[in-house]
Amino acid sequence: LRIPTHKPCIREELPSRYFRSESEKWEAFVRDIQEAHETGRPILVGTRSVAISERVAKMLFDVGLHCRILNATRLEEEAMIVAQAGEPGRITVATNMAGRGTDIKLSKASVEAGGLYVVATELHESKRIDRQLFGRCARQGDPGTSRSYGCVEDELARRFAPPISRYLLKLSGSLLPAPFIGWTLKRGQKRAEKLASQRRKAVLANDLWLERSLAFAADKRA
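So, here's what we can say about the structure. Model, not experiment: these values are computed from the prediction.

## Quick notes on the packing of aromatic side chains
Each aromatic ring pair is summarised here by two numbers: the centre-to-centre distance and the angle between the ring planes. A full pass over the atoms with the stated rule returns four aromatic pairs. Seen from their ring centres, F19 and Y149 are 6.2 Å apart, and the 10° between their planes marks the pair as stacked. Note that F19 is positioned in strand β2 (residues 17-19) and Y149 in strand β7 (residues 143-151), a separation of 130 residues in sequence. For F19, a relative accessible area of 16% puts it in the buried group. Between the aromatic rings of F29 and Y149, the centroid separation amounts to 6.0 Å while the plane-to-plane angle is 90°, which identifies the pairing as edge-to-face. Of this pair, F29 sits in helix α1 (residues 22-38) while Y149 sits in strand β7, placing them 120 residues apart in sequence.

Now the structure itself:
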């Protein structure tokens, strides 16, 4: 059964932005955050790892943007960071492991500014995690916007679509169409999900085999 939301979801999903290199991606990303920050709306930046979250925070600090980091390494500050993440002009950088289960409450001024702006710095190995990140905005009828970034040099492309990513990187000086880069990343994401599914099935089969083997051993001991 499809369960309807408590209140209508009015989330605005902006088109994803794809680039050939990391430098181009980060330049566009920082410029996007600066423009959104000027409107006064709160911003949540999602990253794949603690290392990337620290890197993103440094890039923002370098251009004069103050942000708070939520990456499960500052447990004593985590509740306070989440509580303040919905304030006007607040920038929060988080990994997919941090702050789960806590809604980001928006102030009246933040709602009037357009709500929470959620930005993914790259796609995850599972679309489910991407949906969880974008689901942090526009909750309970609040306004909100989401957008993702990606490039050929992202880990997803390098690990799960290596032949295509290597070929694209050799095309130096060529203008690569964004839809093709997006297709490459989504192809890598599908392959990552398939491999993860195979691993889960292998673990389940091993568990069932151990359960049957240990059951026979228990009968003998009895």
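## Digging into the pairing of β7
As a general feature of sheets, a regular strand has side chains that alternate between the two faces. Summarising burial for β7: nine of the nine residues are buried, a large majority. Judged by which residues are buried, β7 turns out to be covered on both faces: P143, T145, R147, Y149 and C151 on one side and G144, S146, S148 and G150 on the other are all buried. As paired elements, strand β1 (residues 10-13) and β7 share four bridges and run parallel to each other. From the neighbouring strand, E12 faces β7, where its bridge partner is T145.

## Things to note about a positive patch on the surface
Together, K127, R128, R131, K186, K190, R199, R200 and K201 line one region of the surface with positive charge. For the positive patch, the elements supplying multiple residues, two or more each, are α5 (127-134) and α8 (178-221). In terms of residue count, α8 provides more of the positive patch than any other element does, five residues in total. Tracing the sequence through the fold places R128 in helix α5. For R128, a relative accessible area of 43% corresponds to the partly exposed category.

## Regarding a nonpolar patch on the surface
On the surface, a nonpolar cluster with roughly 330 Å² of combined accessible area is contributed by W209, L210 and L214. Take L214: it is sitting in helix α8. Using a relative accessible area of 57% as the deciding quantity, one classes L214 as exposed.

## Let's talk about the nonpolar core
F29, I33, I43, V45, V56, L60 and I91 are the most contacted members of the largest nonpolar core, which totals 23 residues. When residues of this core are assigned to their parent elements, the largest contribution, six residues, is made by α1. Residues in contact with V56, not counting those within four places in the same chain, are W26, F29, V45, T47, V93 and T121. One finds L70, V82, L116 and F134 within the second-largest nonpolar core, a separate group that totals 15 residues.

## Considerations on helix α7 (residues 162-170)
Among the residues making up α7, those that are buried are I164, S165 and L168. Burial along α7 is one-sided: seen end-on, the buried residues are contained in an arc of 95°. Facing away from the buried side of α7 by over 90 degrees, the exposed positions are P163, R166 and K170.

## What about the side chain of S126?
The topology assignment puts S126 in the loop between β6 (116-120) and α5. One polar contact links the side chain of S126 to the main-chain amide nitrogen of R128, over a distance of 3.2 Å. In this view, S126 contacts Q189 and E193; residues no more than four positions away in its chain are not counted.

## Comments concerning empty space enclosed by the protein
Inspection of the entire model under this criterion finds one cavity of 30 Å³ or more. Here the largest cavity is characterised by a volume of approximately 40 Å³. Lining the largest cavity are I104, L106, L116, R136, C137, A138, R139 and D142. Across the lining of the largest cavity, the residue classes tally to five nonpolar, no polar and three charged.

Calculation notes
- Within any chain, residue numbers begin from 1 and follow the written order of that chain's sequence.
- Per-residue local features of the predicted model are confined to residues with pLDDT of at least 70, and side-chain atom pairs are confined, for both listing and counting, to 80 or more; whole-chain, interface and lining totals are unaffected and use all residues.
- Remark: hydrogens and water are excluded; side-chain values derive from all non-hydrogen atoms of the structure.
- Pairs were defined over the aromatic rings of Phe, Tyr and Trp, the Trp ring being its six-membered one, requiring ring centres within 6.5 Å. Orientation was assigned from the angle between planes: stacked under 30 degrees, edge-to-face over 60, tilted for the rest.
- Comment: elements are numbered from the N terminus, with helices defined as DSSP H or I runs of at least four residues and strands as E runs of at least two.
- Three labels apply to residues, based on accessible area from a 1.4 Å probe with only protein chains included: buried if under 20% of the type maximum, exposed if over 50%, partly exposed otherwise in between.
- Note on pairing: two strands pair once DSSP finds at least 2 bridges between them.
- By definition, no residue in a patch forms a salt bridge, and every one has over 30% relative accessible area; like charges are joined within 9 Å, nonpolar side chains (Val, Leu, Ile, Met, Phe, Trp, Tyr) within 5 Å.
- Per-residue and other accessible areas follow the Shrake-Rupley method at a 1.4 Å probe size, with only the shown protein chains counted as cover for residues.
- A pairing counts as a salt bridge when a side-chain nitrogen of Lys or Arg comes within 4 Å of a carboxyl oxygen of Asp or Glu.
- Here the positive residues are Lys and Arg and the negative ones are Asp and Glu; neither His nor the chain ends is included.
- Charge coordinates come from a single atom per side chain, which is NZ of Lys, CZ of Arg, CG of Asp or CD of Glu.
- Remark: nonpolar core denotes a set of buried residues (Ala, Val, Leu, Ile, Met, Phe, Trp, Tyr, Cys) joined through side-chain atoms within 4.5 Å.
- Here, two residues are considered to be in contact whenever any of their heavy atoms come within 4.5 Å of each other.
- Of all possible arcs, the one meant is that of the directions from the helix axis to the C-beta atoms.
- Whenever a nitrogen or oxygen atom comes within 3.5 Å of another N or O atom, the pair is scored as a polar contact, on the condition that within protein one atom can donate a hydrogen and the other can accept it, and that pairs from neighbouring residues in sequence are kept only if both atoms are in side chains.
- The distinction between a cavity and a pocket rests on a 1 Å grid over the protein atoms alone: a 1.4 Å probe fits inside a cavity but cannot get out, while a pocket stays open yet meets protein on both sides within 12 Å along at least five of seven lines, and a residue with an atom within 4 Å of a point counts as lining.
- Grid points are joined across faces, edges and corners, and a volume is the space filled by probe spheres set on the points.
- Under this grouping Gly is polar, as are all residues other than the nonpolar Ala, Val, Leu, Ile, Met, Phe, Trp, Tyr, Cys and Pro and the charged Asp, Glu, Lys and Arg.

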